[in-house]
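Below are the chains, spelled out letter by letter.
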Amino acid sequence: MSRRAKPGHVQTFVELLQTISHPVEQCIEWPYGKSKGYGKFTLGGKWHSVHRYLLQMATGQSGEGLDACHNCGNQACVNVSHLRWDTRKGNAADRKIHGTETCGEKHGAAKLTEAKVREIHRLSSEGCTSFDLAARFGVSSVQINNVLAGRQWHHIYQDVLQSGHGGTAFSK
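Criteria and cut-off values
- Residues numbered from 1 in each chain as written.
- Predicted model: local features only at pLDDT ≥ 70, side-chain atom pairs only at ≥ 80, totals over all residues.
- Heavy atoms only, no water.
- Helix = DSSP H or I, 4+ residues; strand = E, 2+ residues; numbered from the N terminus.
- Buried < 20%, exposed > 50% of the residue type's maximum accessible area, 1.4 Å probe, protein only.
- Contact = heavy atoms within 4.5 Å.
- Polar contact = N/O pair within 3.5 Å; in protein donor to acceptor, adjacent residues only side chain to side chain.
- Axes fitted to C-alpha atoms, helices over the stretch in contact; angles between N-to-C directions.
- Parallel < 35°, antiparallel > 145°, perpendicular 65-115°, else oblique.
- Nonpolar A, V, L, I, M, F, W, Y, C, P; charged D, E, K, R; others polar.
- Phe/Tyr/Trp six-rings, centres within 6.5 Å; stacked < 30°, edge-to-face > 60°.
- pLDDT = per-residue confidence, 0-100.

Looking at the environment of S130
- Residue position: S130 is located in helix α5 (residues 130-137).
- Using a relative accessible area of 14% as the deciding quantity, one classes S130 as buried.
- Counting along the chain gives 14 residues from S130 to I144, while the straight-line C-alpha distance between them is 5.9 Å.
- Contacts of S130, omitting those with residues within four sequence positions, involve S141, I144 and N145.
- Side chain to side chain, S130 and N145 meet in a polar contact 3.4 Å long.

Considering helix α6 (residues 141-149)
- Along α6, 8 of the 9 residues are buried, which leaves the element largely enclosed by surrounding structure.
- After α6 finishes, the residue G150 shows a positive phi value of roughly 85 degrees.

Brief notes about the side chain of N79
- Inspection of the secondary structure assignment puts N79 in the loop between β4 (67-70) and β5 (83-86).
- Looking at N79, its side chain comes within polar contact range of the main-chain oxygen of Q26, at 3.0 Å.
- Among all residues touching N79, those that are not within four sequence positions of it are V24, Q26 and I28.

Brief notes about the packing of helix α4 (residues 114-125) against α6
- With their axes 10 Å apart at the nearest point, α4 and α6 run at an angle of 85 degrees to one another. Classified by the angle their axes make, α4 and α6 are roughly perpendicular. Touching V117, I120, H121 and S124 of α4 are I144, V147 and L148, all from α6.
- Here the contact of α4 with α6 is built from residues that sort into 5 nonpolar, 2 polar and no charged.

Concerning the packing of aromatic side chains
- According to the stated counting rule, one finds 2 aromatic pairs in the structure shown.
- Ring geometry for F41 versus Y53: centroids 5.0 Å apart, planes at 70 degrees, classification edge-to-face. Of this pair, F41 sits in strand β2 (residues 38-43) while Y53 sits in helix α2 (residues 50-59), placing them 12 residues apart in sequence.
- What makes F41 buried here is its relative accessible area of 3%.

A few points about the confidence of the model for the chain
- Here the chain averages 81 in pLDDT, while 74% of its residues score no lower than 70.
- Predicted confidence for residues 168-172 stays below pLDDT 50, and this span has 11 contacts to residues more than four positions away or in other chains.

As structure tokens, then:
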């Protein structure tokens, strides 16, 4: 369990980082409070992301409209040589590369599994209706249609099409 950063901890931590005269290759993990894996602290009664705050200090840029991206894929890392400003799309591409994308079974609200999605495609190709599939798998027919069209679970959609168990009347 992580500790909450007390007043002065952030400043002390930043001063410590500034004493490093050469880039450090390994990740430097925030040792205090985290939310969803990212280091957090309060300043002036407002919560801030540590990696974003440190990147602003290092680059002198506000980063407005941009994401503070981790080149290393480690959300707790605050090593500024591992951070960069990028678009939301660039950050999403990073998550895919690093395997930290929260899609499919990794998503906390997922009701289906990859095996069930493949089964949905197979049964649909055999003539099962989306209403029958929805009842069988405990989801809505809208979700079934989104799965069959590749709008949800898109990361396995191409595999399913190539296996011959996809290809429905629905389009993306």
